[in-house]
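These are the residues of each chain, in order.
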Amino acid sequence: MKSYFSRRSFLKSSLAAGALGLLKSEDASAAPEIHRVNLTMDYTRLADSFSELESFYEVVVIGSGYGGAIMGARLSPHHQVAILERGREWRPGEYPETFHELKKQIYCDSQPLGLFSYHTHRDIDVVCGSGLGGTSLINAGVVIRPDRDLYSKKGWPQEIRTEADQGTFEKYYQRVEKMLHIQSHDPRKTKIRKAENLHHSSEALGDPFTWARIAVNLHGPHRNESGDTQPKCHMCGNCSTGCNTGAKNTLNMNYLPMAKKHGARIFTQMQVSHIERNKQGNYVVRGTHVSAGTKRPFRIEARNVVVSAGTMGSNQILLRSQKLGNLKFSQELGQHFSGNGDLLGLGFNGDTATDMLGNSSAKIFRPGMISGATIYGIADYRQRKNIFERFLIEEGNIPGALVQLARRLTTFVKAPTSPSKIYRAWLDFIDSKDFEKGSMNHSMVYFGMGHDRGQGHLVLNSQNRVVVQWPGVQQDPIFKRMIAKIKQHVSVNNSTYVKNPRSTFMGGNNLITVHPLGGCSMGDSVTAGVVNHLGQVYHPEGGLYEGLFVMDGSIIPTAVGVNPLLTISALAERAAEHIELR
């Protein structure tokens, strides 16, 4: 009969575990070996002063994520471009490394320049980044091509389908991959235990495994678009809270410096409310500049506007523009929201150490406990004919700022016990410095993503803020399928499957997505989408708005089933090559 690890059994076992701890006190008193690392990257700031803002630009790009940064970079050689970013500019060495620092960077009314934007909703929560470079500042940087037949799914415009079928869309992938300087982990050089763990469990299950291509300098320094030398990654495990070394190829290291070099003006802390159209046919962008506790309204006129504020931001701006301004859009606005089938799970307290706990600082290196970048390995389940049955499972880690919290929260997980499992949990419970031997460092983080049905809706609430409505999203069959497979990996490791706390009854039965898509979806006509294949906005009475575009994840009409940054970026590269500006 199995013995289960709950609060009661844990307390009953504490004395025994404590005694066992005394027997092992010599080992338990020593923290993992660390070496000090000097952070030496020189970073060239990109943002211009608000005092230099002009009242008119040929092109205004709202947002600096993958869509906005690429449009800014590609349009600026031939046009007068201003890029507006809601958040602040971050340089390597400024990102939060403790939980206390991280809490101060949660975006909200009292912290309008916070790095982490966490949207809580009734059915599914959304996490994204807020800063110059958008979500690239806090993502894992996984660059993966979707299945070619993705574009055959209902909703994709005919022009995109044709190019995908003919193979001509591939050049846009290649262009992005080169700009982001993508690389893969070489297991012959460095052993990353969490990645090896997923590789091992995949082999044990007879499942396909591949090494992820990521936008991180894994193999050496790299000279970027600003002329700054980015260092080699020293594998601190903190990609998702901001890269303090500068080794991650975020957008402020490539596309945004390119835009700046070609003359684009970049303004941060610019919170756009909505867009109007004046009598001259130009667009008026209205918003507020936030700085040092002060808020100053701004008004910018432009012949062309590219809305690239991310899925949540772009939908909010268009919905507000329709409500507060004089622009009208397709009835499809806010429809077809997808969380890209995102799922988060934990394999708790297995038999082997995984080293999945990020460093407490980018200034240290742990030679005996290397976390690595956030994601290295992928178990790939995209072989099925039915696209709605395809998915990925990626291994991940806990960034250093969340390690202590994670160790405490998992203390009372209900799980099968053994003397060694109890001892590992005891080390985490007492916050032992020897966290290498604790239960969390014998656990695995699993990121799943697949093809959900994209049936969410985005609407404005009474405060004119965008919210997601998607009753029953957890019942989408893809989640049951992914959970079953994750549990198989967990079983190989003799660990226990633990749900994302937000997805439990006590947590509200919510999903969490870090890959929100849709709402301003592409379509072949105004009855099928909000924008056309180039992101140009449809007029509800026919035709297109001249000079008004949307370009980010919001235009993608379906889940893509993989990390979507490459798909978003390729669509932006394609649009920048073909659009006609006023």
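Residues numbered from 1 in each chain as written. Predicted model: local features only at pLDDT ≥ 70, side-chain atom pairs only at ≥ 80, totals over all residues. Heavy atoms only, no water.

Participant: Now, about the pattern of salt bridges: what can you tell me, with residues and values included?
Facilitator: Overall, the coordinates contain 32 salt bridges when judged by the stated rule. Notably, a salt bridge pairs Glu-577 with Arg-175, separated by 3.1 Å at the nearest N-O pair. A residue pair is termed long-range when its members are at least 10 positions apart, and Glu-577 in helix 13 (residues 565-578) and Arg-175 in helix 6 (residues 170-179) qualify at 402 residues. For Glu-577, a relative accessible area of 36% corresponds to the partly exposed category. For Arg-175, a relative accessible area of 28% translates into the label partly exposed. Connected through shared salt-bridge partners, Arg-74, Lys-171, Arg-175, Glu-573 and Glu-577 make up one network. (Salt bridge = Lys/Arg side-chain N within 4 Å of Asp/Glu carboxyl O. Helix = DSSP H or I, 4+ residues; strand = E, 2+ residues; numbered from the N terminus. Buried < 20%, exposed > 50% of the residue type's maximum accessible area, 1.4 Å probe, protein only.)

Participant: Outline the sheet that holds strand 17 (residues 343-348), listing residues and values.
Facilitator: A sheet is described by the order of its strands in space; here six strands give the open sequence 8-19-20-22-17-25, paired in antiparallel fashion. Here the strands that pair on one side only, and so sit at the sheet edges, are strand 8 (209-211) and strand 25 (496-499). The average undirected angle you get between the axes of adjacent strands in this sheet is 30°. Here four bridges tie strand 17 to strand 25, and the two strands are oriented antiparallel to one another. (Pairing = 2+ DSSP bridges. Axes fitted to C-alpha atoms, helices over the stretch in contact; angles between N-to-C directions.)

Participant: So, helix 11 (residues 419-429): which residues are in play, and what are the values?
Facilitator: Since one α-helical turn is 3.6 residues long, residues separated by three or four positions face the same way. With eight of its 11 residues buried, helix 11 lies for the most part within the structure. Looking at helix 11, one finds that the buried residues are Lys-421, Ile-422, Tyr-423, Arg-424, Ala-425, Trp-426, Leu-427 and Asp-428. Directly beyond the C-terminal end of helix 11, a positive phi value near 60° is found at Asp-431.

Participant: Lay out unusual backbone geometry in plain terms, naming residues and giving numbers.
Facilitator: Positive phi, normally seen in glycine, also occurs at His-181, with a value near 55°. Here His-181 is to be found in the loop between helix 6 and strand 7 (183-184). Even without being a glycine, Asn-494 presents a positive backbone phi close to 55°. Within the secondary structure layout, Asn-494 lies in the loop between helix 12 (477-492) and strand 25.

Participant: Can you explain the pairing of strand 3 (residues 56-62)? Please cite residues and give values.
Facilitator: Within strand 3, six of the seven residues are buried, which leaves it mostly tucked inside the rest of the structure. The pairing of strand 3 with strand 15 (residues 294-307) spans six bridges and is classified as parallel. Pairing of Val-60 across the sheet is with Val-305, part of strand 15. As paired elements, strand 3 and strand 4 (residues 81-84) share four bridges and run parallel to each other. Among the inter-strand pairings, Val-61 is bridged to a residue of strand 4, identified as Ile-83. Handedness of the crossover is the feature at issue here: the chain leaves strand 3, passes through helix 3 (residues 66-75), returns alongside strand 4, and the resulting connection is right-handed. (Right-handed = clockwise from strand over helix to strand, strands pointing away.)

Participant: Describe the packing of helix 7 (residues 193-205) against helix 12, and please don't skip the residues or the numbers.
Facilitator: It is the contact of helix 7 with helix 12, at a shortest axis distance of 9 Å, that shows an interaxial angle of 105°. By the angle between their axes, helix 7 is roughly perpendicular relative to helix 12. Where helix 7 abuts helix 12, its residues Leu-198, His-200, Ser-201, Ser-202, Ala-204 and Leu-205 lie against Gln-488, His-489 and Val-492. Residue composition of the contact of helix 7 with helix 12, grouped by class: four nonpolar, five polar and no charged. (Parallel < 35°, antiparallel > 145°, perpendicular 65-115°, else oblique. Contact = heavy atoms within 4.5 Å. Nonpolar A, V, L, I, M, F, W, Y, C, P; charged D, E, K, R; others polar.)

Participant: Give me the lowdown on the side chain of Ser-202, citing residues and values where you can.
Facilitator: Counting through the fold element by element, Ser-202 comes out in helix 7. At a separation of 2.8 Å, a polar atom in the side chain of Ser-202 contacts the main-chain carbonyl oxygen of Leu-198. The contact partners of Ser-202, leaving out residues within four places of it in the chain, are Asp-207, Phe-209, Ala-379 and His-489. (Polar contact = N/O pair within 3.5 Å; in protein donor to acceptor, adjacent residues only side chain to side chain.)

Participant: Please give an account of the sheet that holds strand 26 (residues 511-513) that cites residues and values.
Facilitator: Taken in spatial order, the three strands of this open sheet run 5-6-26, and their pairing is mixed. Two strands bound the open sheet, and with one partner strand each, they are strand 5 (116-119) and strand 26. If you compare each strand with its neighbour and ignore which way they point, the axes differ by 20° on average. In the sheet, strand 5 pairs with strand 6 (residues 124-129) via four bridges, with the strands oriented antiparallel. When the sheet's bridge partners are listed, Ser-117 is paired in strand 6 with Cys-128.

Participant: Kindly report on the pairing of strand 17, identifying the contributing residues and their values.
Facilitator: With five of six residues buried, strand 17 lies mostly within the body of the structure. Where strand 17 meets strand 22 (residues 444-450), five bridges bridge the pair, whose relative direction is antiparallel. Within the sheet, the bridge partner assigned to Leu-346 lies in strand 22 and is Val-445.

Participant: Please give an account of the confidence of the model for the chain that cites residues and values.
Facilitator: In this model, the chain carries an average pLDDT of 93, and 95% of its residues clear a pLDDT of 70 or more. A low-confidence stretch, residues 5-28 (pLDDT under 50), is modelled with 36 contacts involving residues beyond four sequence positions or located in other chains. (pLDDT = per-residue confidence, 0-100.)

Participant: Please provide a residue-by-residue account of the packing of aromatic side chains, values included.
Facilitator: Per the counting criterion, the structure on display carries 11 aromatic pairs. An angle of 85° between the planes, with centres 5.3 Å apart, marks the rings of Phe-169 and Tyr-173 as edge-to-face. With a relative accessible area of 1%, Phe-169 lands in the buried category. One aromatic cluster in this structure is built from Tyr-151, Trp-156, Phe-169, Tyr-172 and Tyr-173. The ring of Trp-90 carries Arg-88 above its face, with NZ or CZ at 3.8 Å from the centroid. A cation over a ring is seen here: Arg-453 above Phe-388, with NZ or CZ 4.3 Å from the ring centre. (Phe/Tyr/Trp six-rings, centres within 6.5 Å; stacked < 30°, edge-to-face > 60°. Lys NZ or Arg CZ within 6 Å of the ring centre and 35° of its normal.)

Participant: Requested: an account of the side chain of Thr-513, with residues and values cited.
Facilitator: Summarising the element assignment, Thr-513 is placed in strand 26. Overall, the relative accessible area of 0% leaves Thr-513 in the buried class. Of the polar contacts made by the side chain of Thr-513, one reaches the backbone oxygen of Gly-339; its length is 2.8 Å. Ignoring sequence-local partners within four residues, the contact set of Thr-513 consists of Ile-124, Asp-125, Val-126, Val-127, Gly-339 and Asp-342.

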